[in-house]
Amino acid sequence: MAVVHAVATGEAEIGTGTKLDFASLLDDLIVASEKGEQEGARPTIPFDYLSVADELHSGRIKVAGESVAAEYREAGADLAAEFVALLDQAKLALATEGHKPEEALPPIDPDSIAGELGLESSGKNADFGRIRRNFAFANHPDRVAPHLRQRAMIRMQVANMLIDEAKRRALAGVRR
């Protein structure tokens, strides 16, 4: 019954016996959480970054050149050793991959493409459409690796030109 009364009136009785409305309860919780965040966010040692930067730039703080150089050499030696270790790891990884032979690029000269097309052996009854489709199926730029697309486009242009020439010659031979 007390819960129904608290919901109807918008007030709740906290463990302290005092009645608070919901907005007051939220305000108290927010204030309490902000206090907790501020206390946790404070550094244990007060530090003024601007005053330290002013001191460093003023020249009043002196650092011996030899000590700086020694620290620099030590850090450099550590980094060099780390770099050598990474380089060795990379060499091992590349050695285990194995050497891939360079890929032979398909030729673009008209004689070799004509040989692939079989135009020398095809006579008057050759099916030039089938020859064109078969060559395009194997060599079209959309069907090859991206690094070979420019070469495939040139091969297709040469093949189309050779097939058109052979077709014209075949038609001219029939007309005679």
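Positions within a chain are numbered from 1, following the residues in the order the chain's sequence is written. Restriction of local features to residues with pLDDT of at least 70 applies here, the model being predicted, together with a cutoff of 80 or more for giving and counting side-chain atom pairs; totals for whole chains, interfaces and linings are based on all residues. Side-chain numbers here rest on the full set of heavy atoms in the structure, without hydrogens or water.

Colleague: A description of a nonpolar patch on the surface should follow, citing residues and the corresponding values.
Modeller: Note on patches: the residues involved have over 30% relative accessible area and no salt bridge, like charges join within 9 Å, and the nonpolar side chains Val, Leu, Ile, Met, Phe, Trp and Tyr join within 5 Å. Here the Shrake-Rupley method, with its probe set to 1.4 Å, supplies the accessible areas, and only the displayed protein chains count as covering residues. Between Lys or Arg on one side and Asp or Glu on the other, a salt bridge is scored when a side-chain nitrogen of the former is within 4 Å of a carboxyl oxygen of the latter. Side chains of Phe-22, Leu-26, Leu-29 and Ile-30 sit close together on the surface and give an oily, nonpolar patch of about 390 Å² of accessible area. Examined against the element boundaries, Leu-26 turns out to sit in helix 2 (residues 22-41). On the basis of relative accessibility, which here comes to 36%, the residue Leu-26 falls in the partly exposed class. A helix here means a DSSP run of H or I that spans at least four residues, while a strand means a run of E at least two residues long, and both kinds are numbered starting from the N terminus. Any residue under 20% of the maximum accessible area for its type is buried, any over 50% is exposed, and the rest in between are partly exposed; the area is computed with a 1.4 Å probe on protein chains only.

Colleague: Provide a residue-level description of the pattern of salt bridges, including the pertinent values.
Modeller: The full count for this structure, using the stated rule, is three salt bridges. Taking the shortest distance from any N to any O, the salt bridge between Arg-155 and Glu-116 comes out at 2.7 Å. One end of the pair, Arg-155, is in helix 7 (residues 149-175); the other, Glu-116, is in helix 5 (residues 110-117), with 39 residues separating them in the sequence. Exposure remark for Glu-116: the relative accessible area of 42% places this residue in the partly exposed category. Salt-bridge contacts for Asp-164 lead to Arg-132; the nearest nitrogen and oxygen are separated by 2.8 Å. With Asp-164 in helix 7 and Arg-132 in helix 6 (residues 128-139), this pair connects stretches of sequence that are 32 residues apart. Accessibility expressed as a relative area gives 24% for Arg-132, which makes it partly exposed.

Colleague: I'd love a proper account of the environment of Met-153, names of residues and values included.
Modeller: Structurally, Met-153 is set in helix 7. Take Met-153: its relative accessible area is 35%, and that puts it in the partly exposed class. Each C-alpha atom of the pair Met-153 and Asp-142 lies 9.1 Å from the other, and the pair is 11 residues apart in sequence.

Colleague: Run through helix 6, naming residues and quoting values.
Modeller: Every α-helix carries 3.6 residues per turn, so stepping three or four residues along brings you back to the same face. Given the number of residues in a helix, its expected span is that number minus one, multiplied by 1.5 Å. If you check helix 6, its first and last C-alpha atoms are 16 Å apart, about what 12 residues at 1.5 Å a residue would give, namely 16 Å. Taken residue by residue, helix 6 has Phe-128, Ile-131, Phe-135, Ala-136 and Asn-139 as its buried positions. Looking straight down helix 6, one finds that the buried residues subtend no more than 125 degrees of arc, so they occupy a single side. The exposed residues of helix 6 that point more than 90 degrees off its buried face are Arg-133 and Phe-137. Here, two residues are considered to be in contact whenever any of their heavy atoms come within 4.5 Å of each other. Residues of helix 6 that are buried sit in contact with helix 5 and helix 7. Here, the arc refers to the directions that run from the helix axis to the C-beta atoms.

Colleague: Pulling in residues and values, what's your account of the environment of Asp-109?
Modeller: When you line up the elements, Asp-109 lands in the loop between helix 4 (65-97) and helix 5. With relative accessibility at 35%, the residue Asp-109 sits in the partly exposed group. A sequence separation of 49 residues divides Asp-109 from Val-158, and the C-alpha atoms of the two residues are 8.1 Å apart. In this structure the side chain of Asp-109 is engaged in a polar contact, spanning 2.6 Å, whose partner is the side chain of Ser-112. Whenever a nitrogen or oxygen atom comes within 3.5 Å of another N or O atom, the pair is scored as a polar contact, on the condition that within protein one atom can donate a hydrogen and the other can accept it, and that pairs from neighbouring residues in sequence are kept only if both atoms are in side chains.

Colleague: Residues and numbers for the packing of aromatic side chains, please.
Modeller: Only centres within 6.5 Å qualify two rings of Phe, Tyr or Trp (six-membered ring in Trp) as a pair; their planes then separate them into stacked at under 30 degrees, edge-to-face at over 60, and tilted for everything else. Within this structure, the stated rule accounts for zero aromatic pairs. Over the face of the ring belonging to Phe-137 we find Arg-143, whose NZ or CZ atom lies 3.9 Å from the ring centre. Geometrically, a lysine NZ or arginine CZ counts as sitting over a ring once it is within 6 Å of the ring centre and also within 35 degrees of the ring normal.

Colleague: Tell me about the side chain of Asn-139, and please be specific about residues and values.
Modeller: Of note, Asn-139 is situated in helix 6. Given a relative accessible area of 13%, Asn-139 falls into the buried group. Once residues lying within four places of it in the same chain are set aside, the contact partners of Asn-139 are Glu-116, Val-144, Ala-152, Arg-155 and Met-156.

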